[in-house]
Amino acid sequence: MAYPQKLLGEGERVEMELRPHWRAVVPAVVLLLVVVPVASFLAAVVPDWAAQRWIRLALAVLALVLLAWGTLLPLLRWITQSYTLTTRRIIVRSGLLTRTGHDMPMSRVTDVSFRQGVLDRIMRTGTLTVESSGERGQLVLLDVPNVQVVQREIYRLHEQDDDRRRERTDPEVAHPGDGEG
């Protein structure tokens, strides 16, 4: 899951890499645990008619479609979704066949908030909303594990980026080793 180093800017480094909390795939696993035994049971109790073979085939196809749509797709979405915090930006990537991405520079972050329901608090997850001064407005990250820690880390990285930018543009800042003293 490591973000490729070749895609980072000069001096930029990865601080935190996440994917949505594992609870995002719980409904898919529950569906798997229900569909397989129910389909197996129904296939076993089909009466011994001439159409028994076709009924079993139809049940198998229906079960496979349900499993592909309700189990495989959510699992693939979860595996291919990533949230990466670097020293300069927030990077969101998702998709297997069609990749989508959204990068938000730390310099544009204006507010970071989170929302946690009761179950979210128990499972230490939540929804993180990052407001931006840019035209795209906000970035909403769903099922972020340890959402409060991630929120605090974004604030820290934003301040660090702000300090770095200020040092680079402020000629009045004295640098160690300038011969003073």
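The preceding data block contains the structure.
Because the structure is predicted, anything quoted here is derived from the model rather than measured.

(A) The arrangement of helix H2 (residues 52-80) in detail. When the terminal C-alpha atoms of H2 are compared, their 40 Å separation across 29 residues agrees well with the 42 Å that a helix rising 1.5 Å per residue should span. When the local axis directions of H2 are compared, the greatest deviation, roughly 35°, occurs at Ala68. When we look at burial in H2, the residues that qualify are Gln52, Leu59, Ala63, Leu67, Gly70, Thr71 and Thr80. Looking at the buried side of H2, the elements it contacts are helix H1 (26-44), strand S2 (82-86) and strand S3 (89-94).

(B) Up close: the sheet that holds strand S7 (residues 138-145). Across the sheet, which stays open at both edges, the three strands sit in the order S5-S6-S7 with antiparallel pairing between neighbours. Every interior strand has two partners, whereas the edge strands, strand S5 (109-115) and S7, have only one. Averaged over neighbouring strand pairs, the angle between their axes works out to 20° when direction is ignored. In this structure, S5 lies alongside strand S6 (residues 125-132), joined through six bridges in antiparallel fashion. In the strand pairing of S6, Phe114 is matched with Leu128. Against the sheet, helix H4 (residues 147-169) touches S5, S6 and S7, its axis set at about 170° to S5.

(C) Examining H1 more closely. For H1, with 19 residues, the first-to-last C-alpha span of 28 Å sits near the 27 Å given by 1.5 Å per residue. Buried residues of H1: Ala28, Val35, Ala39 and Ala43, and no others. Buried positions in H1, seen along its axis, are confined to an arc of 40° and lie on one side of it. For H1, the exposed residues set more than 90 degrees away from the buried face come down to Leu33, Phe41 and Ala44. Summarising the contacts, the buried residues of H1 are in contact with H2.

Rules of the game
Residues numbered from 1 in each chain as written. Predicted model: local features only at pLDDT ≥ 70, side-chain atom pairs only at ≥ 80, totals over all residues. Heavy atoms only, no water. Helix = DSSP H or I, 4+ residues; strand = E, 2+ residues; numbered from the N terminus. Expected span 1.5 Å × (residues − 1). Bend = angle between axes of the 7 residues up to and from the residue. Buried < 20%, exposed > 50% of the residue type's maximum accessible area, 1.4 Å probe, protein only. Contact = heavy atoms within 4.5 Å. Pairing = 2+ DSSP bridges. Axes fitted to C-alpha atoms, helices over the stretch in contact; angles between N-to-C directions. Arc of directions from axis to C-beta.

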